[in-house]
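So the chains spell out like this:
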Amino acid sequence: MITRRPFIGGNWKMNTDRAAASGLIRGVVDGLVGLQGVDVAVFPPFPYLLTVGAILRERGSAVRLGAQDAYFEGDGAFTGEVSLAMLRDCGVSVVLTGHSERRHVLGESETIVHSKTKAVLAAGLECILCVGERLDEREEGRTDMVNEEQVRLGLREVPPEQVDRLTIAYEPVWAIGTGRTASPADAQDAHLKIRKVLADLYGREVAARIRIMYGGSVKGTNARELFVQQDVDGGLIGGASLKASEFVTIVRAAAQVGMHEARF
Ligand code: PGA
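Worth saying up front: this structure is predicted, and the values here are computed from it rather than measured. (Residues numbered from 1 in each chain as written. Predicted model: local features only at pLDDT ≥ 70, side-chain atom pairs only at ≥ 80, totals over all residues. Heavy atoms only, no water.)

Relative to strand E4 (residues 64-67), strand E3 (residues 39-43) is paired through two bridges, and the arrangement is parallel. Directly across from Val 42, in E4, lies its bridge partner Leu 65. In this view, the connection linking E3 to its parallel neighbour E4 by way of helix H2 (residues 49-58) has right-handed handedness. With two bridges connecting them, E4 and strand E5 (residues 94-97) associate as parallel partners. Bridging across to E5, Gly 66 finds its partner in Val 94. A crossover connection joins E4 to the parallel E5 through helix H3 (residues 84-89); in handedness this β-α-β unit is right-handed. (Pairing = 2+ DSSP bridges. Helix = DSSP H or I, 4+ residues; strand = E, 2+ residues; numbered from the N terminus. Right-handed = clockwise from strand over helix to strand, strands pointing away.)

Our focus in this paragraph is the side chain of Arg 195. Here Arg 195 lies in helix H8 (residues 184-202). With a relative accessible area of 7%, Arg 195 lands in the buried category. From its side chain, Arg 195 meets the backbone oxygen of Ala 207 in a polar contact 2.8 Å long. A distance of 3.0 Å separates the side chain of Arg 195 from the side chain of Asp 233, its partner in a polar contact. (Buried < 20%, exposed > 50% of the residue type's maximum accessible area, 1.4 Å probe, protein only. Polar contact = N/O pair within 3.5 Å; in protein donor to acceptor, adjacent residues only side chain to side chain.)

It is at 10 Å that the axes of helix H7 (residues 143-154) and H8 come closest, and there the two elements cross at 40°. On the basis of their axis angle, the class for H7 and H8 is oblique. Pair H7 / H8 crosses with right-handed handedness. Where H7 abuts H8, its residues Asp 144, Asn 147, Glu 148, Val 151 and Arg 152 lie against Ala 190, Lys 193, Ile 194, Val 197, Leu 198, Asp 200 and Leu 201. (Axes fitted to C-alpha atoms, helices over the stretch in contact; angles between N-to-C directions. Parallel < 35°, antiparallel > 145°, perpendicular 65-115°, else oblique. Left-handed = near helix turned anticlockwise from the far one by under 90°. Contact = heavy atoms within 4.5 Å.)

Before going further, it helps to spend a moment on the site of the ligand. The immediate surroundings of the ligand are formed by 13 residues, with Lys 13, His 99, Glu 171, Gly 177 and Ser 217 found nearest. Gly 238 is positioned with one of its backbone polar atoms (N or O) 2.9 Å from an oxygen atom of the ligand. Relative to its free-state accessible area of 280 Å², the ligand is covered by the protein chains to the extent of 95%. Residues of the shell around the ligand, tallied by class, amount to four nonpolar, seven polar and two charged. (Near = heavy atom within 4 Å. Areas by Shrake-Rupley, 256 points an atom, 1.4 Å probe, with all protein chains shown as cover. Nonpolar A, V, L, I, M, F, W, Y, C, P; charged D, E, K, R; others polar.)

Turning our eyes to something else, we now look at the state of the cysteines. A full pass over the atoms with the stated rule returns zero disulfides. In this structure Cys 90 is not part of a disulfide, and its nearest cysteine sulfur, from Cys 127, lies 18 Å away. A disulfide-free cysteine, Cys 127 has its sulfur positioned 8.2 Å from the sulfur of Cys 130, the nearest such atom. For Cys 127, a relative accessible area of 0% puts it in the buried group. (Disulfide = S-S within 2.5 Å.)

Written out as C-alpha cells, the structure reads:
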C-alpha cells in the first residue's frame, strides 16, 4: 500500500527581520515539540537562513530549512543570485520553484522555472514546484490546462529517479494572500487532475507517491477541511506562517488528518 505523509511549508516571503525570524522559529519549534506524522519546512528570507538553521540545529528540531528561490547555474558572474551549493552549505534541503510571485511579480518565465526545477532535483535537493492559474484563466475555464502545462513544462527532462524528491504545490494565484481559498472540492479536483498528469509522465505508482500540497490563504480555521481531501497532502502557508501559534495550529491539523492512502 502506498501512503503519503502530510507536508506543511511555511513560506515567510520577504518578511521578518533577524530578531523576528529567530522569535518565529523558536515559537514554531516549541509549538511542535513531540508532534509526529507530518513533515514541516520553513522558508525564511536568504539573509536569515543561517540564523534560523542554527536555532533548528541547537533545538534538535526535525523542521527542515528551505529556500524560497535558487539560481540554476553553479557559480560565476550572476550578480544577486544564489546557487544551490551555497544553499546546501547553509543547511537548506528543500527549495521552492515556480512560486506565483516569482512567475507573475518578478516575471520568471516557464524556461527559467524549468531550469531551476531541473537544477534543484539534479543537485539532490528536494523541490516544491508551484503551479496554479490566475483568476482570468480560471474564469475562462482554463484551470486544468494551465496546471497541466506548468507541470509538464516544469518537469521536462526530469528523470523518474529524481521525482521522489519532488512535491507539487497547487496554488491558485487568486487565492494567494487574498483571504480567498479554493473550496475543498475545487482543490481536490485540481489535485486529482495534476496527479493524472504526473501519472502520464511517470506512471501511476510514482504519481501516487508524489505529494501535492495546497496553497492560498490556508489558516487554522480552514486547514482541516482542505487536508482531509484525498489528494491534498498538506499545504504551503504564506501569511499564516508568520504567526507561530497559527502555523502550529495548521501543522497540528495536518498531523491529525494523518497519512493519505493512495488510490490508483
Ligand atoms: P498565503 O500564501 O497563505 O498568504 O495565501 C501562500 C503562498 O504564497 O505560498
